[in-house]
Amino acid sequence: MDIKSVGVIGAGQMGNGIAHVFAVAGFDVMMTDISQDALDQAMALIRRNLERQVSREKISREDMETAMARITTTLKLPELGQTDLVIEAATERETVKSAIFEDLQPHLKPETILTSNTSSISITRLASRTDRPERFMGFHFMNPVPVMQLVELIRGIATDEATYKTLLGVVEKLGKTAASAEDFPAFIVNRILMPMINEAVYTLYEGVGSVRSIDESMKLGANHPMGPLELADFIGLDTCLAIMNVLHDGLADTKYRPCPLLTKYVEAGWLGRKTQRGFYDYRGEVPVPTR
Ligand SMILES: CC(=O)CC(=O)SCCNC(=O)CCNC(=O)[C@H](O)C(C)(C)COP(=O)(O)OP(=O)(O)OC[C@H]1O[C@@H](n2cnc3c(N)ncnc32)[C@H](O)[C@@H]1OP(=O)(O)O
Ligand SMILES: NC(=O)C1=CN([C@@H]2O[C@H](COP(=O)(O)OP(=O)(O)OC[C@H]3O[C@@H](n4cnc5c(N)ncnc54)[C@H](OP(=O)(O)O)[C@@H]3O)[C@@H](O)[C@H]2O)C=CC1
């Protein structure tokens, strides 16, 4: 199937990055969210990130303006029904995602491919609640989307070969690299990355290191571009906790139990960069550790 138009659901950090890369690659993009504020902020952020690419001579100013013109926003989810490919990038909660697909379904063209950018939730289960499990896939971008090369492709049990091949072609058109993962909790990247982040939180919780010493250790001692706590703040602590819960419930193994300190931060509403406070406080000039 030839994909020309894309619908993006959720204008958070992933939704805006996904809209950005699809628009630059020449697709028409329609983005929706439940809040007009989120849509406005996302458009402003896309412009800022495109400006950054122009200033680093990654794209021309003309290409930037063409890309911006390809993105439209709407608060009306049904309007996305006419797009060729839908990418759901709303909050990492199964009830939220299922409700979105249920609301969208009556408005979909028969041939539209449905995908979810979920970090961890069963693709087979999400697909089974739609009218097209054979045209449903996990389409997992990494953060920040304009920079990260990888896209995980996750087939549910019913996904057909034509859908998989279509998405492989889309990834190629984006100039990114696809990796196939089987549909088990958190797939590949987060199955490995999230227990490491959770372990970093335990290391903090048990007093083995401070926020700063843990992050410095992994940056300078293991050559990670960001320390694990800095990365957790970057991803969003709510998302990290949601992924750990999916791993814990889905694999029924205590080695995946979320650290109580991670839970406490989320309960406080300290979700990382997006709320300006997490393992670091971002409200001042420079980030300051909160423990
Ligand atoms: C949770 C999940 O489900 C899955 C996930 O996504 S897990 C998270 C995966 N992501 C990571 O692990 C990210 C780890 N961190 C990094 O790789 C780096 O710190 C980083 C790329 C985010 C920033 O790198 P940095 O060197 O500190 O910053 P900076 O110099 O500003 O940026 C590097 C480049 O990216 C570009 N960039 C950064 N953010 C950008 C954005 N949002 N949009 C466009 N370009 C961006 C910069 O312009 C810069 O480009 P050049 O190489 O052309 O100069
Ligand atoms: N953060 C990361 O590093 C990565 C995240 N992901 C996955 O991407 C998805 C989005 O994550 P992320 O962008 O970080 O999360 P954010 O919290 O930044 O954004 C989620 C957005 O979805 C909106 N939303 C919530 N419910 C609905 C709805 N019913 N319809 C439309 N929009 C809705 C939220 O609005 P409001 O704020 O008003 O609730 C918010 O704007 C999750 O599934 C996550 O696991 C995948 C790869 C990396």
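Because the structure is predicted, anything quoted here is derived from the model rather than measured.

*Asks:* Teacher, can you tell me more about the site of ligand 1 here?
*Replies:* Near ligand 1 you find 18 residues, and of these R56, K58, S119, H140 and N143 are the closest. With respect to ligand 1, the side chain of N49 contributes an N or O atom lying 3.4 Å from a nitrogen atom. One nitrogen or oxygen atom from the side chain of S119 is found 2.7 Å from an oxygen atom belonging to ligand 1. In isolation ligand 1 has 1100 Å² of accessible area, and contact with the protein removes 70% of it. A class-by-class count of the residues in the shell around ligand 1 yields 10 nonpolar, 5 polar and 3 charged.

*Asks:* So what exactly am I meant to see when it comes to the packing of helix α7 (residues 189-205) against helix α10 (residues 237-251) here?
*Replies:* Helices that pack against each other are described as a pair by the angle of their axes relative to one another and the distance between those axes. Viewed as axis vectors pointing N to C, α7 and α10 meet at an angle of 110°, and their least axial separation amounts to 10 Å. One way to sum up the angle between α7 and α10 is to call them roughly perpendicular. Of the two possible hands of crossing, α7 and α10 adopt the one that is left-handed. Note on element contacts: α10 touches α7 through C240, I243, M244, L247 and L251, opposite N190, R191, M194, P195, I197 and N198. Here the contact of α7 with α10 is composed, by residue class, of 8 nonpolar, 2 polar and 1 charged.

*Asks:* Help me out: how do you make sense of the UniProt feature "site: Important for catalytic activity" (unreviewed entry) in the chain in this one?
*Replies:* Under the feature "site: Important for catalytic activity" (unreviewed entry), the UniProt entry names H140. Within the secondary structure layout, H140 lies in strand β6 (residues 136-141). Polar side-chain contacts of H140 include one of 2.8 Å to the side chain of E152.

*Asks:* Would you explain the pairing of strand β5 (residues 113-116) in this entry?
*Replies:* On a regular strand, one side chain projects to one face of the sheet and the next to the other, so that they alternate. Every second residue of β5 is oriented toward a common face, with I113 and T115 on one face and L114 and S116 on the other, all of them buried. Across 4 bridges, strand β4 (residues 85-88) lies against β5 in parallel orientation. Note that in β5 the partner of E88 across the bridge is S116. Where β5 and β6 come together, 3 bridges link them in parallel fashion. When the bridges of β6 are listed, T115 appears paired with M137. In terms of handedness, the path from β5 via helix α5 (residues 123-128) over to β6 forms a crossover that is right-handed.

*Asks:* Got a minute to help me understand the domain arrangement of the chain in this structure?
*Replies:* Size of an interface, as often reported, equals the accessible area lost when the parts are brought together. As far as domains go, the chain holds domain 1 (5-182) and domain 2 (191-289). Across the contact, 7 residues belong to domain 1 and 7 residues belong to domain 2. Taken over both partners, the interface formed by domain 1 and domain 2 buries close to 580 Å², and the fraction arising from carbon and sulfur atoms is 62%. On inspection of domain 1 and its partner domain 2, the count reaches 0 salt bridges. Run the count over domain 1 and domain 2 and you get 2 residue pairs in polar contact (both at pLDDT 80 or more).

*Asks:* Looking at this model, I keep getting lost on unusual backbone geometry. Mind explaining?
*Replies:* Note on backbone geometry: most residues besides glycine have negative phi, and most peptide bonds are trans. The peptide bond linking N143 to P144 adopts the cis configuration, its omega dihedral lying at 0°. With respect to the helices, strands and loops of the structure, P144 is situated in the loop between β6 and β7 (150-155). Even without a glycine there, the phi angle at E57 is positive, about 60°. Relative to the elements of secondary structure, E57 occurs in the loop between α2 (36-55) and α3 (61-70). If you check the backbone angles, F187 has positive phi at about 55° while not being a glycine. Position of F187 relative to the elements: it lies in the loop between β8 (177-181) and α7.

*Asks:* How should a positive patch on the surface be read in this particular structure?
*Replies:* A surface patch of like charges, here positive, comprises R48, R52, R56 and K58. One can find R56 in the loop between α2 and α3. R56 gets classed as exposed once you look at its relative accessible area, which sits at 60%.

*Asks:* Would you take a moment to explain the pattern of salt bridges for this structure?
*Replies:* Once the charged atoms of two side chains with opposite charge are near each other, the side chains can pair. Evaluation of the coordinates by the stated rule reveals 17 salt bridges. As a salt-bridge pair, D2 and K4 come within 2.6 Å of each other at their nearest N and O atoms. The pair formed by D2 and K4 is uniform in burial state, with each residue classed as exposed. A salt bridge links R47 to E65, with the nearest nitrogen and oxygen atoms 3.4 Å apart. Taken as a pair, R47 in helix α2 and E65 in helix α3 lie far apart in primary sequence, 18 residues in all.

Rules behind the numbers
- Residues numbered from 1 in each chain as written.
- Chains lettered and ligands numbered in written order.
- Predicted model: local features only at pLDDT ≥ 70, side-chain atom pairs only at ≥ 80, totals over all residues.
- Heavy atoms only, no water.
- Near = heavy atom within 4 Å.
- Polar contact = N/O pair within 3.5 Å; in protein donor to acceptor, adjacent residues only side chain to side chain.
- Areas by Shrake-Rupley, 256 points an atom, 1.4 Å probe, with all protein chains shown as cover.
- Nonpolar A, V, L, I, M, F, W, Y, C, P; charged D, E, K, R; others polar.
- Axes fitted to C-alpha atoms, helices over the stretch in contact; angles between N-to-C directions.
- Helix = DSSP H or I, 4+ residues; strand = E, 2+ residues; numbered from the N terminus.
- Parallel < 35°, antiparallel > 145°, perpendicular 65-115°, else oblique.
- Left-handed = near helix turned anticlockwise from the far one by under 90°.
- Contact = heavy atoms within 4.5 Å.
- UniProt positions renumbered as here; feature names shortened; annotations may be inferred.
- Buried < 20%, exposed > 50% of the residue type's maximum accessible area, 1.4 Å probe, protein only.
- Pairing = 2+ DSSP bridges.
- Right-handed = clockwise from strand over helix to strand, strands pointing away.
- Domains from an automatic or database assignment.
- Buried area = accessible area lost by both parts, 1.4 Å probe.
- Salt bridge = Lys/Arg side-chain N within 4 Å of Asp/Glu carboxyl O.
- Patch = residues over 30% accessible without salt bridge, like charges linked within 9 Å, V, L, I, M, F, W, Y side chains within 5 Å.
- Lys, Arg positive; Asp, Glu negative; His and termini not counted.
- Charge placed at Lys NZ, Arg CZ, Asp CG, Glu CD.

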